Amino acid sequence: MGNTSSMLTQYDIEEVQDHCNHAFSQQEIVSLYHRFCQLDRNGGGFVSAEEFMTVPEFAVNPLSQRLLRMLDGLNFKEFVAFLSAFSPHTSLQQKMEFIFRVYDTDCNGKVAFDDILSILRDLTGSFMTEQQRQKVLIHVLEEAGYTKDSHFTLTDFMKIIGNSDLKMEVEVPID
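Residues numbered from 1 in each chain as written. Predicted model: local features only at pLDDT ≥ 70, side-chain atom pairs only at ≥ 80, totals over all residues. Heavy atoms only, no water.

Considerations on helix α1 (residues 10-19)
Owing to its 3.6 residues per turn, the α-helix aligns residues three or four sequence positions apart on the same side. Rules: Partly exposed residues are those whose accessible area sits between 20% and 50% of the maximum for their type, while under 20% is buried and over 50% is exposed, using a 1.4 Å probe and protein chains only. Helix and strand definitions here come from DSSP, where helices need a minimum of 4 consecutive H or I residues and strands a minimum of 2 consecutive E residues; each element is numbered from the N-terminal end. Throughout, the arc means that of the directions going from the helix axis to the C-beta atoms. Residue contacts are defined here by distance: any two heavy atoms, one from each residue, within 4.5 Å place the two residues in contact.
Every buried residue of α1 is listed here: D12, I13, V16 and Q17. Buried residues in α1, looked at end-on, bunch into an arc of 135°, giving them a common side. Opposite the buried face of α1, by more than 90 degrees, sit the exposed residues Y11 and D18. Packing partners of the buried residues in α1 comprise α2 (26-39) and α6 (76-83).

Right, dumping it as structure tokens:
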């Protein structure tokens, strides 16, 4: 699996399935492998940030720079594990852990007000003023029993967004 010019064996497919908690079928894993090989232009078995940016949908995503820090240098198994957060077969808990990692910009296991505000800034662009973003965020935090000065662990984060009807699903086309 290290070299993308090789084909996946049945063992490789099952190993990847186990690694991503069976979020994808064997057929989907094969399709993902073909896509991974297309992205891995130098055939080194890893996909760089620059290679990810060649995907138009990714390049225009307002969170692409945050996601790149999680994606840069992934091998195929890690690539599938990353994508498993978007599978309909992945639990809400796993999806929220993924989102928390996106928000935890300094990877310290905590999310601060400014981290969330920065994400809101990326998502809303010029559609909201800084004052409007802060007001909305403070209101959401206060409703959940937190303040602007709170630092959120994964448990806190789940309490804040856990009651939402979170949808993070991507369809994997099967060739």
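Here's the deal with the nonpolar core
Operational definition: Residue types Ala, Val, Leu, Ile, Met, Phe, Trp, Tyr and Cys, when buried and joined through side-chain atoms within 4.5 Å, form a set referred to as a nonpolar core. By convention here, the domain bounds are inherited from an automatic or database domain assignment.
With 44 residues, the main nonpolar core has F52, L67, F76, V80, F98 and Y103 as its most contacted residues. Each of two domains, domain 1 (9-86) and domain 2 (92-162), supplies a minimum of three residues to this core.

Section: the pattern of salt bridges
How we decide: We define a salt bridge as a side-chain nitrogen of Lys or Arg found within 4 Å of a carboxyl oxygen belonging to Asp or Glu.
Tallied over the entire structure, the rule returns 4 salt bridges. Across the pair K77 and E15 runs a salt bridge, and its minimum N-O distance is 2.6 Å. In this pair, K77 is assigned in helix α6 and E15 in helix α1, connecting sequence segments 62 residues apart. The partly exposed category is assigned to K77, whose relative accessible area is 22%. For E15, a relative accessible area of 25% gives the class partly exposed.

Focus: the UniProt feature "domain: EF-hand" (unreviewed entry) in the protein
Inclusion rule: UniProt positions are given in the numbering used here, feature names are shortened, and annotations may be inferred rather than shown by experiment.
This chain's UniProt record puts "domain: EF-hand" (unreviewed entry) on residues 27-62 and 91-126. Taken end to end, residues 27-62 has its terminal C-alpha atoms 30 Å apart, with 58% of it in helix and 0% in strand. Each end of residues 91-126 is marked by a C-alpha atom, and these two atoms are 33 Å apart; helix forms 67% of the span and strand 6%.

Topic: helix α8 (residues 113-124)
Heads up, the condition is: Here the expected length of a helix is defined as 1.5 Å per residue gap, with one fewer gap than residues.
Look at α8: 16 Å from first C-alpha to last across 12 residues, which is about the 16 Å you get at 1.5 Å a residue. By the burial criterion, the buried members of α8 are F113, D115, I116, L117, S118, I119 and T124. Where α8 terminates, the next one or two residues include G125, which has phi positive at roughly 55°.

Overview of the packing of aromatic side chains
The line we're drawing: When two rings of Phe, Tyr or Trp (its six-membered ring) have centres within 6.5 Å they constitute a pair, described as stacked for plane angles under 30 degrees, edge-to-face for angles over 60, and tilted for the intermediate range.
This model, assessed by the stated rule, comprises 12 aromatic pairs. Their ring planes at 65° and their centres at 5.6 Å tell us that F36 and F76 sit as a pair that is edge-to-face. With F36 in helix α2 and F76 in helix α6, this pair connects stretches of sequence that are 40 residues apart. For the pair formed by F36 and F76, the shared burial category is buried. Here the aromatic rings of F52 and F58 are separated by 6.1 Å at their centres, their planes lie at 45°, and the arrangement is tilted. Owing to a relative accessible area of 5%, F52 belongs among the buried residues under this scheme. Through a chain of ring-to-ring contacts, the aromatic side chains of Y33, F36, F52, F58, F76 and F79 assemble into a single cluster.

Some thoughts on unusual backbone geometry
For H22, which is not glycine, the phi dihedral falls at a positive 60°. Within the element layout of this structure, H22 appears in the loop between α1 and α2. If you check the backbone angles, C107 has positive phi at about 55° while not being a glycine. Within the secondary structure, C107 is located in the loop between α7 (92-103) and β1 (111-112).

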